Amino acid sequence: MHFVPLRRGGKLRRGPLGLLQPARARSRRGAQRIDLILLPLLGFDAQGHRLGNGGGYYDRALASPRAGRRPLLVGYAYAAQEVETVPAEAWDVRLDAVVTECGVRRFF
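What you see is a predicted model; the values in this text were computed from it and never measured.

**Considerations on the overall build of the protein**
Thinking step 1. Regarding its fold elements, the protein presents one helix and eight strands.
Thinking step 2. Along the protein, from the amino end to the carboxyl end, the secondary structure elements read β-β-β-β-β-α-β-β-β.
Thinking step 3. The C-alpha extent of the protein, read off along each of the three principal axes, is 40 × 30 × 25 Å.
Thinking step 4. Across the 108 residues that make up the protein, the buried fraction comes to 31%.
Thinking step 5. Here the contacts in the protein between residues at least 6 apart in sequence split such that 58% fall between residues at least 24 apart.
Thinking step 6. When the accessible surface of the protein is totalled, it reaches about 7900 Å², and 55% of it is carbon and sulfur.
Thinking step 7. For the protein, the separation between the mean place of its 18 positive charges and that of its 9 negative charges on side chains is 18 Å.

**Concerning the pairing of strand β7 (residues 97–100)**
Thinking step 1. Pairing of strand β6 (residues 72–76) with β7, which is carried by three bridges, proceeds in the parallel orientation. What sits directly across from G75, in β7, is V98.
Thinking step 2. Between β7 and strand β8 (residues 103–106), which pair antiparallel one after the other, the connecting turn spans two residues.

**Describing a nonpolar patch on the surface**
Thinking step 1. A grouping of L36, L38, L72, Y76, V99, V104 and F108 is seen on the molecular surface, where their side chains present a nonpolar patch of about 690 Å² in accessible area.
Thinking step 2. Secondary structure elements with two or more residues in the nonpolar patch: β3 (36–40) and β6.
Thinking step 3. Under the relative-accessibility criterion, F108 is labelled exposed at 66%.

**Overview of the sheet that holds β8**
Thinking step 1. Here we have four strands laid out as an open sheet, ordered β3-β6-β7-β8, and mixed in their pairing. Two strands lie at the open edges of the sheet, namely β3 and β8, each paired on one side alone. Averaged over all pairs of adjacent strands, the angle between strand axes in this sheet comes to 25°, irrespective of strand direction.

**A few points about the nonpolar core**
Thinking step 1. Ranked by internal contacts, the top residues of the largest apolar core, which has 16 residues, are F3, I37, L39, L62, L73, L95 and V98.
Thinking step 2. Among the elements of the structure, β3 and α1 (57–62) are those that each provide at least two residues to this core.
Thinking step 3. For this core, the element with the highest residue contribution is α1, accounting for three residues.

**Considerations on the pattern of salt bridges**
Thinking step 1. All chains considered together, the criterion is met by one salt bridge.
Thinking step 2. Linking R105 and E82 is a salt bridge whose minimum nitrogen-to-oxygen distance equals 2.7 Å. Placement of the pair is R105 in strand β8 and E82 in the loop between β6 and β7, with a sequence separation of 23 residues.
Thinking step 3. Residue E82 is classed as partly exposed on the basis of its relative accessible area, which comes to 32%.

**Examining the environment of I34**
Thinking step 1. With respect to the element layout, I34 can be found in the loop between β2 (20–22) and β3.
Thinking step 2. Look at I34 and you get buried, because its relative accessible area is 17%.
Thinking step 3. On a C-alpha basis, the gap between I34 and P5 in space is 9.4 Å, while along the polypeptide they are 29 residues apart.
Thinking step 4. If sequence neighbours within four positions are ignored, I34 has contacts with F3, R69, R70 and P71.

Calculation notes
- Residues numbered from 1 in each chain as written.
- Predicted model: local features only at pLDDT ≥ 70, side-chain atom pairs only at ≥ 80, totals over all residues.
- Heavy atoms only, no water.
- Helix = DSSP H or I, 4+ residues; strand = E, 2+ residues; numbered from the N terminus.
- Buried < 20%, exposed > 50% of the residue type's maximum accessible area, 1.4 Å probe, protein only.
- Contact = heavy atoms within 4.5 Å.
- Areas by Shrake-Rupley, 256 points an atom, 1.4 Å probe, with all protein chains shown as cover.
- Lys, Arg positive; Asp, Glu negative; His and termini not counted.
- Charge placed at Lys NZ, Arg CZ, Asp CG, Glu CD.
- Pairing = 2+ DSSP bridges.
- Patch = residues over 30% accessible without salt bridge, like charges linked within 9 Å, V, L, I, M, F, W, Y side chains within 5 Å.
- Salt bridge = Lys/Arg side-chain N within 4 Å of Asp/Glu carboxyl O.
- Axes fitted to C-alpha atoms, helices over the stretch in contact; angles between N-to-C directions.
- Core = buried A, V, L, I, M, F, W, Y, C linked by side-chain atoms within 4.5 Å.

So this is what it looks like as structure tokens:
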């Protein structure tokens, strides 16, 4: 996974999953240079653990040493996607917050 800026008027193309993404990915950014990352999820719990699609893409991309500042990690979901417990491993990166139709839930 690579983080690239999305510029107004920039050209987009369909990626491997059919989602639109910047057509040119010349200026890649490390996660530490980003202020906010919105993360998709299938489920979340009250401790900020996130259930994704099982590929670990976000966990690997965000697992680099966090020297200095780090991005705010915010999931987006429906409130009904909150579950009692999401199984978590040591390498799983926790969310700082989740935004639902009911508001913002902070975990920090």
